[in-house]
There are 2 protein chains.
Amino acid sequence: MSVNKDYNEKQGQILTTAESLFSEKGFDGTSVRDIAEKAGVNVAMISYYFGSKEKLMETIFERRTEHIRLRVESLMKDDSIDYIGKVHLIIDEHIEKAFSKFQFYKLMVCEQVINKNPVILDIIKEVKKRNMQVITELIRKGQEAGVFRSDVDVILLFSTMYGTVSHMIIGSDLYREISGLTHLSEEEYYQHLKQLLSKHLKQIFKAILTHEA
Amino acid sequence: MSVNKDYNEKQGQILTTAESLFSEKGFDGTSVRDIAEKAGVNVAMISYYFGSKEKLMETIFERRTEHIRLRVESLMKDDSIDYIGKVHLIIDEHIEKAFSKFQFYKLMVCEQVINKNPVILDIIKEVKKRNMQVITELIRKGQEAGVFRSDVDVILLFSTMYGTVSHMIIGSDLYREISGLTHLSEEEYYQHLKQLLSKHLKQIFKAILTHEA
DNA sequence: TTATATCAATCAAACGTTTGTTTAACTTTG
DNA sequence: CAAAGTTAAACAAACGTTTGATTGATATAA
């Protein structure tokens, strides 16, 4: 599948800089000269290493795909963790990944709206499907064990998890201002947000998965 | 405040076409020649009527601001509707507005990520604050009446409502495919989604606002 | 009633930049 | 010395915007 290629120092510099600029100004709002200058390389190096601006973007997505995929699959088989505990693992892993690579998550949202590049859309589609399967499987087992309700819509639950977190990341500036937490550093505020989101989503998941209608 | 200007036929045509193209291809991905051609006007008319491409975008946002604002404020004072009923009104109005102007909502999400134009960011900020105040006020009254829990985080609740709906709209193609509902028309599928989202969000709000932790 | 002035609307063409990409010469590396 | 890395310069295409001429309708004056 997705081969984990190695990138040299200059390639890595270009990828990281481009990811940052794309997420700040969008794909079309960022010029290759912007990227080259900020990455400290010559403009021609982008074509030389990645072929084109478009393929540079695709490479960014390929590189991060590995990151987005939920890694809790092995823990799902651990019998010492109960079903609610496993749901908590999924929620916390998603929050952690989204915040640790928030620039990429912003980029992902924009690229889904501006559905131009089919290669990128496919990458997003595959990883979303994959992550949703993990959750579907867990819920199915929980239902068989009689712990979870039988009428759970996984897509809606998934949308609430992804949607709430994305929306918080995208609107974090506004919400920091409203909360009156402007004295916190971005890092401190993000830690605070992660904790709030974790508690909030766990409460929602518990209600939807276990309470009676 | 926001004066409701009148636009002639040609101006309206430009605004509608631009909104559609911006939401499909992004602001920087859309050229003024694209807009002019699709709207059936000369390129110069865009500068002539709106001053610049940037100001055209701002005009789109000013025009739609009126639309986004929750209009349930009067119903909030109606004593014949209970607190849960009022929460339902807010949820359904938000869903209805988001789906009826889904192109604009996509555009809003992208513009929040690509925080370039301060005029537009201010418009988004103001309307979000405004809508959140409506909900805050309702919840506060419900708390005083002893119907709602005392430890409710309005920002999180608001994020779940906006986030879940946005995420569904943005990823609707993928979710239609996964649900196996490709035989439905876009309109039919949206009606279906609206119904699901309404039930889902009402369940979440009820759990967070009324259940004990 | 003509004739003339006024003004917004409309257009093709041109403006100067910026865009992504390529070239061809040069340097470094193994 | 051959291959890979690196560069400034050049490329055509596309960009947002402006220009200057032209239209057509309305108001003013003879």
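Treat the numbers as computed from the prediction; the structure is a model and nothing was measured.

Novice: What should I look at first to understand the overall build of chain A in this one?
Specialist: Looking only at helices and strands, chain A features ten helices and zero strands. Moving toward the C terminus, one meets the helices and strands of chain A in the order α-α-α-α-α-α-α-α-α-α. Relative to its full complement of 213 residues, chain A shows a buried share of 51%. Nonlocal contacts in chain A, meaning residues at least 24 apart in sequence, comprise 69% of its contacts between residues at least 6 apart. In the form shown here, chain A has an accessible surface area of approximately 10,100 Å², with 49% of it arising from carbon and sulfur atoms. Charge centroids of chain A, computed over 29 positive and 31 negative side chains, lie 2 Å from each other.

Novice: Please clarify how the relation of the copies chain B and chain A should be interpreted in this entry.
Specialist: Comparison of the two chain copies shows a relationship of rotation about an axis with a shift along it. Superposing chain B onto chain A requires a rotation of 180° together with a translation of 0.0 Å along the rotation axis, leaving an RMSD of 0.1 Å. Considering both components of the superposition, the chain copies are consistent with a two-fold axis. Across chain B, the rotation axis passes nearest the C-alpha of Gly163(B), at a separation of 2.0 Å. Both copies present the same face, since 100% of the interface residues in chain B are matched by interface residues at the equivalent positions in chain A.

Novice: Even after reading the chapter, I still don't get the UniProt feature "domain: HTH tetR-type" (unreviewed entry) in chain A, so can you show me in this structure?
Specialist: As annotated in UniProt, the feature "domain: HTH tetR-type" (unreviewed entry) corresponds to residues 8–68 of chain A in the numbering used here. Across residues 8–68 of chain A, helical content stands at 79% and strand content at 0%; the span's end C-alpha atoms are separated by 23 Å.

Novice: So what exactly am I meant to see when it comes to the protein's contact with DNA strand C here?
Specialist: What surrounds DNA strand C is a group of 16 residues, the closest being Val32(A), Arg33(A), Ser52(A), Lys53(A) and Tyr48(B). The sugar-phosphate portion of DNA strand C accounts for 50% of its atoms within 4 Å of the protein, the bases making up the rest. Contacts to DNA strand C include Asn42(B), whose side-chain N or O atom sits 3.2 Å from a phosphate oxygen. Between DNA strand C and Tyr48(B) there is a distance of 2.6 Å, counted from a phosphate oxygen to a side-chain nitrogen or oxygen. The greatest single-element share of the surface near DNA strand C, amounting to four residues, is contributed by helix H3 (residues 44–50) of chain B. Its residues assigned to classes, the surface near DNA strand C comprises seven nonpolar, five polar and four charged.

Novice: How do you make sense of helix H6 (residues 102–113) of chain A when you look at a structure like this?
Specialist: Two residues of an α-helix separated by three or four positions point the same way, owing to the 3.6 residues in each turn. When the terminal C-alpha atoms of H6(A) are compared, their 17 Å separation across twelve residues agrees well with the 16 Å that a helix rising 1.5 Å per residue should span. Every buried residue of H6(A) is listed here: Phe102(A), Phe104(A), Tyr105(A), Lys106(A), Leu107(A), Met108(A), Val109(A), Cys110(A), Glu111(A), Gln112(A) and Val113(A).

Novice: I keep staring at the pattern of salt bridges and nothing clicks. Help me out?
Specialist: Note that side chains of opposite charge can pair when their charged atoms are close. Summed over the entire model, instances satisfying the criterion amount to 26 salt bridges over all chains. We note a salt bridge from Glu177(B) to Lys125(A), for which the minimum N-O separation is 3.0 Å. A residue pair is termed interchain when its members come from two chains, as with Glu177(B) in helix H9 (residues 172–179) and Lys125(A) in helix H7 (residues 118–144). For Lys125(A), a relative accessible area of 24% puts it in the partly exposed group. The partner of Lys25(B) in a salt bridge is Asp34(B), and the shortest N-O contact between them spans 3.1 Å. Salt bridges sharing partners connect three or more residues here, namely Lys125(A), Lys129(A) and Glu177(B).

Novice: What exactly am I supposed to notice about the UniProt feature "DNA-binding region" (unreviewed entry) in chain A here?
Specialist: Here, the residues flagged by UniProt with the feature "DNA-binding region" (unreviewed entry) are residues 31–50 of chain A. Counting secondary structure, residues 31–50 of chain A comes out at 75% helix and 0% strand; the distance between its end C-alpha atoms is 15 Å.

Novice: How should I be thinking about the protein's contact with DNA strand D in this particular structure?
Specialist: Surveying the vicinity of DNA strand D reveals 16 residues, the closest of which are Tyr48(A), Val32(B), Arg33(B), Ser52(B) and Lys53(B). Thr30(B) places a main-chain nitrogen or oxygen 3.4 Å from a phosphate oxygen of DNA strand D. Of all the elements in the fold, those that place two or more residues in the surface near DNA strand D are helix H3 (44–50) of chain A together with helix H2 (32–39) and H3 of chain B. Here the element with the most residues in the surface near DNA strand D is H3(A); it accounts for four residues. In the surface near DNA strand D, the residues fall into seven nonpolar, five polar and four charged.

Novice: What should I look at first to understand the nonpolar core in this one?
Specialist: Among soluble globular proteins, nonpolar side chains are generally buried collectively. In terms of nonpolar packing, the biggest core is built from 128 residues, with Phe61(A), Ile90(A), Phe61(B) and Ile90(B) touching the most fellow members. Apart from residues no more than four positions distant in its own chain, Phe61(A) is found in contact with Phe104(A), Leu107(A), Met108(A), Glu111(A), Ile120(A), Ile123(A) and Ile124(A). If you look at the next biggest cluster of nonpolar residues, it comprises ten residues, including Val109(A), Ile114(A), Ile170(A) and Val113(B).

Novice: Help me understand helix H4 (residues 53–68) of chain A, please; the structure alone is not making it clear to me.
Specialist: For H4(A), which comprises 16 residues, the first-to-last C-alpha distance of 23 Å matches the rise-based estimate of 22 Å (1.5 Å per residue) to within 8%. Every buried residue belonging to H4(A) is among Leu56(A), Met57(A), Glu58(A), Thr59(A), Ile60(A), Phe61(A), Arg64(A), Thr65(A) and Ile68(A), and all of these are buried.

Novice: Which parts of the structure should I look at to understand the interface of chain B and chain A?
Specialist: The parts lose accessible area when they come together, and the size of an interface is often stated as this lost area. Listed per partner, the contact involves 46 residues of chain B and 46 residues of chain A. Between chain B and chain A we count four salt bridges in total. Across the pair Lys129(B) and Glu177(A) runs a salt bridge, and its minimum N-O distance is 3.1 Å. Seen at the junction of chain B and chain A, the total is 14 residue pairs in polar contact (both at pLDDT 80 or more). Secondary structure elements with two or more residues in the side of chain B that touches chain A: helix H1 (9–25), helix H6 (102–113), helix H7 (118–144), helix H8 (154–170), H9 and helix H10 (186–210) of chain B. Ranked by the residues each element gives to the side of chain B that touches chain A, the list is headed by H8(B), at twelve residues. Its residues assigned to classes, the side of chain B that touches chain A shows 20 nonpolar, 15 polar and eleven charged.

Novice: For this particular structure, what's the right way to read the packing of helix H4 (residues 53–68) of chain B against H7(B)?
Specialist: Angle between the axes and distance between the axes are the two parameters that describe a pair of packed helices. Residue and element names in this part refer to chain B. Taken N-terminus to C-terminus, the directions of H4 and H7 make an angle of 5°; their axes are 10 Å apart at the nearest point. If you check the angle between H4 and H7, you find them roughly parallel. Contacts between H4 and H7 involve Met57, Glu58, Phe61, Glu62, Thr65 and Ile68 on the former and, on the latter, Val119, Ile120, Ile123, Ile124, Val127 and Asn131. Class assignment of the residues belonging to the contact of H4 with H7 gives a composition of eight nonpolar, two polar and two charged.

Calculation criteria
Residues numbered from 1 in each chain as written. Chains lettered and ligands numbered in written order. Predicted model: local features only at pLDDT ≥ 70, side-chain atom pairs only at ≥ 80, totals over all residues. Heavy atoms only, no water. Helix = DSSP H or I, 4+ residues; strand = E, 2+ residues; numbered from the N terminus. Buried < 20%, exposed > 50% of the residue type's maximum accessible area, 1.4 Å probe, protein only. Contact = heavy atoms within 4.5 Å. Areas by Shrake-Rupley, 256 points an atom, 1.4 Å probe, with all protein chains shown as cover. Lys, Arg positive; Asp, Glu negative; His and termini not counted. Charge placed at Lys NZ, Arg CZ, Asp CG, Glu CD. Least-squares fit on C-alpha atoms with pLDDT ≥ 70 in both. UniProt positions renumbered as here; feature names shortened; annotations may be inferred. Near = heavy atom within 4 Å. Polar contact = N/O pair within 3.5 Å; in protein donor to acceptor, adjacent residues only side chain to side chain. Nonpolar A, V, L, I, M, F, W, Y, C, P; charged D, E, K, R; others polar. Expected span 1.5 Å × (residues − 1). Salt bridge = Lys/Arg side-chain N within 4 Å of Asp/Glu carboxyl O. Core = buried A, V, L, I, M, F, W, Y, C linked by side-chain atoms within 4.5 Å. Axes fitted to C-alpha atoms, helices over the stretch in contact; angles between N-to-C directions. Parallel < 35°, antiparallel > 145°, perpendicular 65-115°, else oblique.

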